[in-house]
Amino acid sequence: MKNKINNLLKEVEAFSAENPEQLEAFRIKFLSKKGLVPALFVDFKTVAPEDRREMGQLINTLKQAVQNKIVNLKDKLDEQPVSQSSGFDLSLPASSPLGTRHPLAIVRNEIIDIFSRIGFTVSEGPEIEDDFHNFTALNFPKEHPARDMQDTFFIEKDPDLALRTHTSSVQVRVMEKTQPPIRTISPGRVFRNEAISARAHCIFHQVEGLYVDEEVSFTDLKQTLFYFARELFGEHTKIRFRPSYFPFTEPSAEMDVSCNICGGKGCNICKYTGWVEILGCGMVDPNVLEACHIDNKKYTGFAFGMGIERITMLKYQVNDLRLFFENDLRFLKQFESAR
Ligand code: PHE
């Protein structure tokens, strides 16, 4: 018996497997119920008492050697490529890094989040718009310069189709379909025929908002936008309104926030004024409500619109708008932690 075990020990030592099947056959030969090791334990019962100690140790050594061999060979086989012939190793971990959200998407989602907390829904509409939804319903006089070739990418004359110049067009569509109360924001891509520079692009992104109900006042507008500015830029943010003009709102205003870089003391971002402009707003012009079949004696509303690029530039101190469109990984990677 001693000789038999020693021979088996040699066999185990010399064994090597080229594939998992060979290794499994080896395991079955030695360790399965009817294998050699259990058989030795059966024979062990017939061993003379004075030899038992030695023989018991020897069988255990063999069993241990088989188990070690299996573990070592398994590790070796696992390291080999699964399919050497095709040249692909499908078991290798992927080497490409995880993607990150684009900074414009991060800020857009944050804006949506802030407004949905106070009951605004999100609406979307087509990027190719007709003249009615982009201009006429919004009270643009026929000769208004915004309709000029300078600003608008026209597609067709009849029917009059163009790339939308703002997402106010989406709000016209919402008002056509729904009666007040309406509380909605419309994020989306807009197009203007402008020269591309560090501060402007022919494609950019907006979030516009609309609130129509009975007795909506300028106070509601101010308080809503004050809440928004503090949520986005921090609780110490101040706001101020300057009178402005838009065809679709009356009165109209532009809203500035206290510069979030210098805290209002003055720096090159706010051009040493302490304030930065972030959006246009105003009370919806009664003509717009009428064009959308909403009773302008009963209802009033406010609207606002902002460029996501501009807000992202302020929030993350990006000084060139073109960076948002170049997909340079060195730029995008910096937003990994902002997800
Ligand atoms: N639609 C305007 C723009 O694109 C922004 C705006 C929206 C202004 C609503 C006032 C009210 O510039």
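If you're wondering where the values come from, they're calculated on a predicted model, not measured in any experiment.

**Things to note about the overall build of the protein**
Move 1: Each helix and strand in the protein was counted, giving 12 helices and 10 strands.
Move 2: Expected size for 339 residues packed as a compact globule is a radius of gyration near 20 Å; at 37 Å, the protein overshoots this value by more than 25%.
Move 3: On the principal axes, the C-alpha backbone points of the protein span a range of 115 × 50 × 40 Å.
Move 4: Across the protein, contacts joining residues at least 24 apart in sequence account for 66% of those joining residues at least 6 apart.

**Observations concerning the pattern of salt bridges**
Move 1: One pass over the full model with this rule turns up 17 salt bridges.
Move 2: As a salt-bridge pair, D256 and R240 come within 2.9 Å of each other at their nearest N and O atoms. Here the residue D256 occupies a position in strand 8 (residues 249-258), and R240 occupies one in strand 7 (residues 239-246), the gap between them amounting to 16 residues.
Move 3: Among the ionic pairs, R322 bridges to D320, the shortest N-O distance being 2.8 Å.
Move 4: Judged by its relative accessible area of 31%, R322 falls in the partly exposed class.

**Details of the domain arrangement of the protein**
Move 1: Partitioning the protein into domains gives domain 1 (2-77) and domain 2 (103-335).
Move 2: Averaged C-alpha coordinates put domain 1 and domain 2 at centres separated by 78 Å.

**What to know about the site of the ligand**
Move 1: Around the ligand sit 13 residues in total, of which H166, S168, R192, Q206 and E208 are the nearest.
Move 2: The side chain of Q206 places a nitrogen or oxygen atom 2.8 Å from an oxygen atom of the ligand.
Move 3: One nitrogen or oxygen atom from the side chain of E208 is found 2.7 Å from a nitrogen atom belonging to the ligand.
Move 4: Counting residues per element, the ones that place at least two in the shell around the ligand are strand 6 (203-213), strand 9 (275-284) and strand 10 (300-307).
Move 5: At three residues, the largest contribution of residues to the shell around the ligand is made by strand 10.
Move 6: Here the shell around the ligand is built from residues that sort into five nonpolar, six polar and two charged.

**Some points on the nonpolar core**
Move 1: Counting 44 residues, the largest nonpolar core has F115, F228, I278, L279, F304 and M306 as its most contacted members.
Move 2: If you tally residues by element for this core, the top one is helix 5 (residues 103-116), at seven residues.
Move 3: If you look at the next biggest cluster of nonpolar residues, it comprises 19 residues, including I5, M55, L62 and V66.

**Quick word on the sheet that holds strand 2 (residues 128-130)**
Pairing between sheet strands relies on hydrogen bonds along the backbone, with the strands arranged either parallel or antiparallel.
Move 1: If you trace the three strands from one edge of the open sheet to the other, you get 2-4-3, paired in antiparallel fashion. The sheet is open, and its two edges are formed by strand 2 and strand 3 (154-156), each paired on a single side. Pairs of neighbouring strands in the sheet enclose a mean axial angle of 35°, with direction left out of account.
Move 2: Pairing between strand 3 and strand 4 (residues 161-163): two bridges, direction antiparallel. Its bridge partner being in strand 4, F154 is matched across the sheet by A162.

**Brief notes about the packing of aromatic side chains**
Geometrically, a pair of aromatic rings is defined through the distance of the ring centres and the angle of the planes.
Move 1: The tally for this structure, following the rule as stated, stands at 16 aromatic pairs.
Move 2: Judged by centre distance (4.1 Å) and plane angle (5°), the rings of F15 and F26 are stacked. One end of the pair, F15, is in the loop between helix 1 (2-14) and helix 2 (20-31); the other, F26, is in helix 2, with 11 residues separating them in the sequence.
Move 3: A residue is classified by how much of its surface remains accessible, and F15, at 21% relative accessible area, is partly exposed.
Move 4: Look at F120 and F304: their rings are 6.5 Å apart centre to centre, the planes differ by 65°, and that puts the pair in the edge-to-face class. Note that F120 is positioned in the loop between helix 5 and strand 1 (121-122) and F304 in strand 10, a separation of 184 residues in sequence.
Move 5: When its relative accessible area of 6% is taken as the criterion, F120 is described as buried.
Move 6: Residue class for F304 comes out buried when judged on its relative accessible area of 2%.
Move 7: Here the basic side chain of R52 rests over the ring of F44, its NZ or CZ set 5.5 Å away from the ring centre.
Move 8: Positioned above the aromatic ring of F226 is the side chain of R230, whose terminal nitrogen or guanidinium carbon lies 5.2 Å from the ring centre.

**A few points about the side chain of H133**
Move 1: Mapped onto the fold, H133 is located in helix 6 (residues 131-134).
Move 2: Note on H133: relative accessible area 7%, which makes it buried.
Move 3: Other than its neighbours up to four places away in sequence, H133 contacts L138, S169, V172, R173 and E176.

**Brief notes about the pairing of strand 8**
Move 1: Counted residue by residue, strand 8 has eight buried out of 10 residues, so it is predominantly covered.
Move 2: Note that strand 7 and strand 8 share seven bridges and pair antiparallel. If you follow F241 over to strand 8, its bridge partner there is M255.
Move 3: Where strand 7 folds back onto strand 8 in an antiparallel hairpin, the turn is made up of two residues.
Move 4: Bridging between strand 8 and strand 9 involves eight bridges; their strand directions are antiparallel. Note on strand 9: the bridge partner recorded for S252 is G282.

Parameters at a glance
- Residues numbered from 1 in each chain as written.
- Predicted model: local features only at pLDDT ≥ 70, side-chain atom pairs only at ≥ 80, totals over all residues.
- Heavy atoms only, no water.
- Helix = DSSP H or I, 4+ residues; strand = E, 2+ residues; numbered from the N terminus.
- Rg over C-alpha atoms; globule rule 2.2 N^0.38 Å.
- Contact = heavy atoms within 4.5 Å.
- Salt bridge = Lys/Arg side-chain N within 4 Å of Asp/Glu carboxyl O.
- Buried < 20%, exposed > 50% of the residue type's maximum accessible area, 1.4 Å probe, protein only.
- Domains from an automatic or database assignment.
- Near = heavy atom within 4 Å.
- Polar contact = N/O pair within 3.5 Å; in protein donor to acceptor, adjacent residues only side chain to side chain.
- Nonpolar A, V, L, I, M, F, W, Y, C, P; charged D, E, K, R; others polar.
- Core = buried A, V, L, I, M, F, W, Y, C linked by side-chain atoms within 4.5 Å.
- Pairing = 2+ DSSP bridges.
- Axes fitted to C-alpha atoms, helices over the stretch in contact; angles between N-to-C directions.
- Phe/Tyr/Trp six-rings, centres within 6.5 Å; stacked < 30°, edge-to-face > 60°.
- Lys NZ or Arg CZ within 6 Å of the ring centre and 35° of its normal.

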